[in-house]
Every structure is written in C-alpha cells, then in structure tokens.
Amino acid sequence: MSKKKILIFGGGISGLTVAHECIQQGFEVHLYEKKKYCGGKAFGLKNEDGLHIEHSIRVYGSSYHHLFQTLREIPTTNGKSVFDHLTGLPGVILASWENPSRNQLLPTAYATPKIRKLLVLLRILRSWHITTREAIQFIRLAMDFAIRSDARKARLYSQKSFAEYARLDAYSEAFRQFLTALLDITVAAKPYASADVILPLLNRILLPGTVAGISSSMNVMNGPTNERFIDPWVTYLKSLGVQFHMTSSLDEVVIEADQVTRVVVNQTDVTEADAFVLALPYQHVTRLVPSLHLPKKNHREWSFSYQFYLRDVPPDLVTRQTFNLVLDSPWKLVYCIESEPLWKNVDFRPDVRGILSVTLSNVDTPGLLTHKPLHACTDHEVQAELLHQIGFTYPELILESRLDATVAYLPEATYQQRQAEFIGWDSFPPNEHGYRWLTDSTLFIPEATDGSAISVETNLPNLFLAGEFIYTSYRIPTMEQANESGKLCTASICRYFGRSYDKAGQKRPEPPFRSLRRIDQWLHRR
Ligand SMILES: Cc1cc2nc3c(=O)[nH]c(=O)nc-3n(C[C@H](O)[C@H](O)[C@H](O)COP(=O)(O)OP(=O)(O)OC[C@H]3O[C@@H](n4cnc5c(N)ncnc54)[C@H](O)[C@@H]3O)c2cc1C
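Residues numbered from 1 in each chain as written. Predicted model: local features only at pLDDT ≥ 70, side-chain atom pairs only at ≥ 80, totals over all residues. Heavy atoms only, no water.

Naming follows an unreviewed UniProt entry, where the protein chain appears as FAD-dependent oxidoreductase of Spirosoma telluris.

Next comes the structure, spelled out in structure tokens:
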C-alpha cells in the first residue's frame with residue numbers, strides 16, 4: 001500500500017513537530033518553509049558577518065511537557081539528546097531602572113527550598129511597595145488555578161479578562177503596575193488577556209512543577225537556538241525521511257468541492273497530497289484561506305530583540321548568570337548576556353566575547369529619553385532607549401548591534417518597492433522620519449472575547465492547522481503550545497486516515513493541591 005502523503009507548510013516548532021510525529025507514524029512527509037532556515041520565531045542563527053542573532057531570550061519552563069518529550073527524542077552526540085542542552089537558571093532578577101537597589105534574584109533552582117523562594121518573593125513585593133494585603137492577594141491569584149475545580153474554572157473564567165476577574169481596579173497603582181509588568185515582560189500579555197490564560201500562567205510562576213533531568217523551573221539552551229536545538233532536529237527528521245523544501249513559500253491554497261485540491265508554492269503548482277497542514281502564523285493562515293472563518297483576533301502584540309555585540313563581558317557576575325526583568329522599564333525589557341555561564345563552548349567571532357540581548361514587549365508606551373513610543377523612534381533612538389532603560393553603563397564595550405530578522409525598519413520608499421516581501425507582516429504607519437517599523441513575529445494573546453477556540457481541524461476534511469494560536473491544554477502562545485498543537489494535529493491526521501495515535505493524549509502533570517480542587521468541587525456541587 002502506498003504511503004499517504006502529507007504536505008506541511010511552515011518550519012517553526014509546530015510544523016517541525018507535525019513532521020516529527022507524522023514521519024514516525026509512517027507517512028510520506030514534505031515540509032515547505034519560506035525562509036532559508038527552520039525554527040520560525042524560535043530561531044537563533046549566525047549571520048554572514050559571523051554574528052549570532054537570536055530572535056529573543058528563550059525560556060523553557062518546567063511546566064513544559066510536550067516540548068520536553070520531543071527534545072528528549074532528538075539525538076545529538078554520545079547518546080545524548082537536545083534535552084541535555086538545557087541549562088537551569090539559578091533564578092531571575094527582578095530589576096528596576098529607577099531604583100537598582102531593588103534588584104533581587106528570585107530563585108528558581110529546585111535546590112532552593114520552597115519556603116525560601118516564598119520569603120524572597122514577599123521581600124520583593126514589599127520592595128515594590130506592595131502591601132501585605134495585596135501580597136496575599138497576589139498569592140491567592142497565583143493559587144486560583146490550582147484550587148478551583150475544572151467545572152468552576154470553566155464557569156468563573158469564561159469570557160472574563162484577567163483585569164476583570166482579578167478586579168485589578170480595586171488595587172493600588174503599585175500592585176497593578178507590578179502585576180501587569182510581570183505579564184507583559186514574560187509573555188507580552190496585557191490585562192485584556194483572558195483570565196483562562198493568565199491564571200494558569202501565574203500559577204506556573206508561583207508553583208512550577210519539577211521535571212527530571214533539569215535543575216530549575218527556568219531553563220535556557222546552552223547556546224544558539226538553531227545550533228543546539230533546531231539544526232539537530234532538522235538533521236534527525238531528514239534521517240527519518242522528511243523531505244525539506246526550503247525557501248518555498250505557500251502562495252495559494254486551492255479549494256474545490258470542499259477539499260484542498262492543490263497548493264501553489266513559489267508560483268508553481270504542487271499537487272497530489274492526501275493531507276495538507278498549515279503550520280503558519282495566524283495572520284498568514286487567515287490571509288491564505290479566508291474561508292476558514294477563524295475567530296478574529298483584535299489585539300496583536302510586538303515583541304522582538306536587539307543584540308549588542310560586546311568586546312568584553314561586563315564584570316557584574318549576577319547580571320551574567322541569568323535574565324534580568326526590568327519591571328519598571330516603559331518598553332518592558334528583559335535582557336541577558338549570551339556568553340559563559342549561560343552559553344557554553346560557543347564559537348563567537350574572534351572580536352566578540354558575548355552578546356547583550358535585549359527583548360522588548362511594549363511598543364506603545366513613550367520611552368524615557370525620547371518620550372516617544374517605539375514606532376515613532378528611529379532605529380538609533382530605539383537602541384539608545386534600550387540601553388538607558390536597562391541601565392547599561394558600559395557603552396564602550398559595544399562593538400556593534402543588530403535587530404532580529406523578524407523586524408524591519410525601512411524608508412517608506414523602500415517599503416513601497418519591496419511590499420511583496422512583507423505580505424502578512426504587521427506594520428506601523430511611517431513615522432515623522434519617513435520610516436516604517438514592520439514585524440513578522442506578531443504575538444496574538446488570547447482574549448476573553450476571542451470567541452470559540454481554534455482547533456487543528458478545519459471545515460475542509462483534508463486541511464489541518466498547527467501553531468501557537470491553536471487551543472491546547474497550555475493556553476499561552478509558546479513553544480510548548482506550538483509543540484502540543486503539532487501533536488493534536490497529528491492525532492487528527494491519523495484519525496482522518498483511520499489510524500491510532502496516542503501522544504497527543506498524554507496529559508501534562510496536574511497542578512498541586514488536588515484535594516483542594518476536590519473540596520471546591522464538593523462545596524460548589526449543584
Ligand atoms: C519575542 C518572542 C519571545 C518568545 N519567547 C519565548 C520563550 O521564551 N519561550 C517559549 O516557549 N516561547 C516563546 N515565544 C513564543 C514561541 O517562540 C512561539 O510561540 C513558537 O515558536 C511559535 O511556533 P509556530 O510554529 O506556531 O509558529 P512560527 O514560529 O511563527 O513558525 C511559522 C513558520 O512558517 C513560516 N512561513 C510563514 N509564511 C509561510 C508561507 N507562506 N510558506 C511557507 N512557510 C511560511 C515562517 O517562516 C515560520 O518559519 C516567544 C515569541 C516571541 C515573539
């Protein structure tokens with residue numbers, strides 16, 4: 001019997017996951033990616049100048065389950081897997097540009113006793129002028145997801161934004177600012193985001209699970225993302241028989257008699273597939289197949305990074321060991337220094353000793369130096385703002401800088417000439433300098449009013465979806481959600497062909513306090 005042929009479009013985490021799972025299920029798998037490299041938003045490459053560019057600082061939380069399962073399956077050398085490339089962070093620094101004496105390491109290492117973590121958290125909250133009553137409320141909100149039964153969660157969180165559910169208006173400015181900054185910096189989420197998304201996130205921050213083989217609830221790859229994660233994955237998938245078609249852009253999906261009959265890639269017809277998978281960003285799926293009528297997403301957030309290449313690494317060891325979340329920075333910045341001890345044995349350009357990587361998550365608030373939001377600034381002004389907002393005091397160490405490749409800052413005339421390259425990108429109107437900011441890595445954070453959740457199955461039986469925007473048990477657009485969506489997608493493809501597949505059903509570990517959830521269920525039984 002001939003193998004069923006699956007075409008996957010998009011080589012990000014979700015597309016690679018579908019390829020990984022489908023090839024293991026015995027399908028013939030072809031993956032089409034419009035860029036020269038795979039990884040999608042999870043990319044980190046060396047460019048032609050020998051400089052490493054990461055899309056952003058990338059955290060692998062211990063609440064991840066499906067992604068870790070995949071990382072363990074990707075072999076590297078000496079019988080090891082990509083999972084072994086994870087490095088546990090001792091903690092994260094909650095920092096302040098206004099008052100650096102507030103900077104404190106919130107421990108995340110498993111070795112630190114839980115009670116100590118809680119005491120440090122309370123001390124941090126106090127240093128941000130949060131009263132004891134509000135500190136208790138913070139902990140209560142973070143526990144909410146763990147202590148309510150599923151039925152009550154569905155009822156209480158339904159159609160509510162986090163701000164409404166938490167009644168943020170009733171609290172002090174200090175409390176609101178702290179909480180919203182934490183969400184903005186960690187996942188670019190704003191208070192409009194659905195309670196159903198934010199409450200599990202807070203719970204995972206306060207009560208992260210433990211995973212065998214890692215030492216902290218916050219982890220990073222020990223080197224550039226493509227070198228340590230994506231490239232070994234692609235090599236492994238090729239060895240299993242996945243056929244990669246790079247620089248191949250899906251231009252059109254042709255639908256006839258309620259089926260996808262063919263697709264057009266790089267203006268050329270590609271036909272004869274048994275199933276088609278769109279593992280593309282949400283905005284590209286809605287553009288390419290408007291008839292899917294996916295629920296509309298009104299809010300999109302920008303988050304991307306700048307890399308500053310350093311001739312020497314600043315002497316401040318604490319800053320070097322982990323990430324720094326600058327909570328009161330208007331552009332909601334997180335930064336780290338990519339070098340030892342976070343990155344190990346990385347082949348830097350000879351004059352570079354490390355990279356200061358700064359990720360921003362708020363493009364609407366005026367900056368401190370320019371008093372303008374990002375889109376009104378020049379590229380140069382943005383860089384000055386970033387360094388100022390993180391309080392970087394070693395400008396003499398900076399050799400050069402780079403913007404990540406998912407963002408562009410272009411003169412309007414150039415943009416008009418090259419518009420075809422930017423189809424599906426999000427853009428601000430030209431600023432007063434006649435330049436335009438554009439991004440291809442928009443994040444869509446689920447809102448309370450988003451309507452029905454997006455599934456991997458579509459109204460066309462042979463067309464499937466995968467991606468960070470799919471409704472999964474994780475809720476937040478992350479690599480974990482993209483990976484889980486890939487498994488859900490494979491499960492649907494297998495069902496379509498009458499086969500069984502069980503990986504998607506493997507449940508993530510339950511949060512602690514099961515007995516409290518049972519009591520909650522009993523107390524509120526109808
Ligand atoms: C700044 C930032 C920081 C983040 N940090 C973290 C983090 O720390 N931890 C975490 O878990 N997650 C993080 N995320 C989220 C995570 O990176 C994404 O959710 C995940 O990588 C999305 O994977 P995906 O496969 O769904 O989509 P994408 O990564 O967007 O992949 C889609 C792919 O489709 C390709 N494509 C697009 N159009 C076409 C076309 N027409 N034809 C063919 N191919 C096409 C794209 O080139 C891309 O490779 C971050 C996201 C951002 C933006």
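Turning next to the overall build of the protein chain. Summing up its helical and strand segments, the protein chain has 15 helices and 23 strands in all. A globule of 526 residues ought to have a C-alpha radius of gyration of about 24 Å, and the protein chain, at 23 Å, matches this closely. With respect to the principal axes defined by its C-alpha atoms, the protein chain has extents near 65 × 65 × 50 Å. In the form shown here, the protein chain has an accessible surface area of approximately 22,200 Å², with 53% of it arising from carbon and sulfur atoms. The protein chain carries 57 positive and 55 negative side-chain charges, and their two centres are separated by 8 Å. (Helix = DSSP H or I, 4+ residues; strand = E, 2+ residues; numbered from the N terminus. Rg over C-alpha atoms; globule rule 2.2 N^0.38 Å. Areas by Shrake-Rupley, 256 points an atom, 1.4 Å probe, with all protein chains shown as cover. Lys, Arg positive; Asp, Glu negative; His and termini not counted. Charge placed at Lys NZ, Arg CZ, Asp CG, Glu CD.)

Near the ligand you find 35 residues, and of these E33, K41, V59, Y64 and E468 are the closest. I13 has a polar backbone atom sitting 3.2 Å from an oxygen atom of the ligand. One of the side-chain N or O atoms of R58 is found 2.8 Å from an oxygen atom in the ligand. When the ligand sits alone it has 1,000 Å² of accessible area, and the protein chains cover 95% of it. (Near = heavy atom within 4 Å. Polar contact = N/O pair within 3.5 Å; in protein donor to acceptor, adjacent residues only side chain to side chain.)

A few words now on helix α8 (residues 195-206). In this model, α8 (12 residues) spans 16 Å end to end at C-alpha, consistent with the 16 Å of a helix rising 1.5 Å per residue. Buried residues along α8 sit against α4 (132-147), α5 (150-157), α6 (162-166) and α7 (173-187). If you check the start of α8, you find a side-chain oxygen 3.1 Å away from the backbone N of D196, and it comes from S194. (Expected span 1.5 Å × (residues − 1). Contact = heavy atoms within 4.5 Å.)

With that out of the way, let us pick up the domain arrangement of the protein chain. We note that the domain assignment places domain 1 (5-83 + 221-298 + 447-505), domain 2 (106-212) and domain 3 (304-439) within the protein chain. For domain 1 and domain 2, the distance between their C-alpha centres works out to 31 Å. Of the residues lining the interface, 13 residues belong to domain 1; the matching set on domain 2 comes to 16 residues. Interface area for domain 1 against domain 2, summed over the two sides, is near 1,100 Å², with a carbon-plus-sulfur share of 59%. (Domains from an automatic or database assignment. Buried area = accessible area lost by both parts, 1.4 Å probe.)

A separate point is the packing of helix α2 (residues 66-73) against helix α14 (residues 479-496). Contact pair α2 / α14: the axes reach a minimum separation of 8 Å and the direction vectors enclose 75 degrees. The pairing of α2 with α14 is recorded here as roughly perpendicular in orientation. Contacts between α2 and α14 involve H66, L67, Q69 and T70 on the former and, on the latter, M479, E480, N483, E484 and K487. Taken together, the residues of the contact of α2 with α14 sort by class into 2 nonpolar, 4 polar and 3 charged. (Axes fitted to C-alpha atoms, helices over the stretch in contact; angles between N-to-C directions. Parallel < 35°, antiparallel > 145°, perpendicular 65-115°, else oblique. Nonpolar A, V, L, I, M, F, W, Y, C, P; charged D, E, K, R; others polar.)

By the secondary structure assignment, A181 is in helix α7. Along the primary structure A181 and P330 are separated by 149 residues, whereas in three dimensions their C-alpha atoms are 9.1 Å apart. Excluding residues that lie within four positions of it along the chain, A181 makes contacts with L327 and K332.

Now for unusual backbone geometry. Along the chain, E340 connects to P341 via a cis peptide bond; the corresponding omega equals 5 degrees. By the element assignment, P341 lies in the loop between β17 (333-338) and β18 (354-360). Despite not being glycine, R167 shows a phi value in the positive range, around 50 degrees. With respect to the secondary-structure elements, R167 resides in the loop between α6 and α7.

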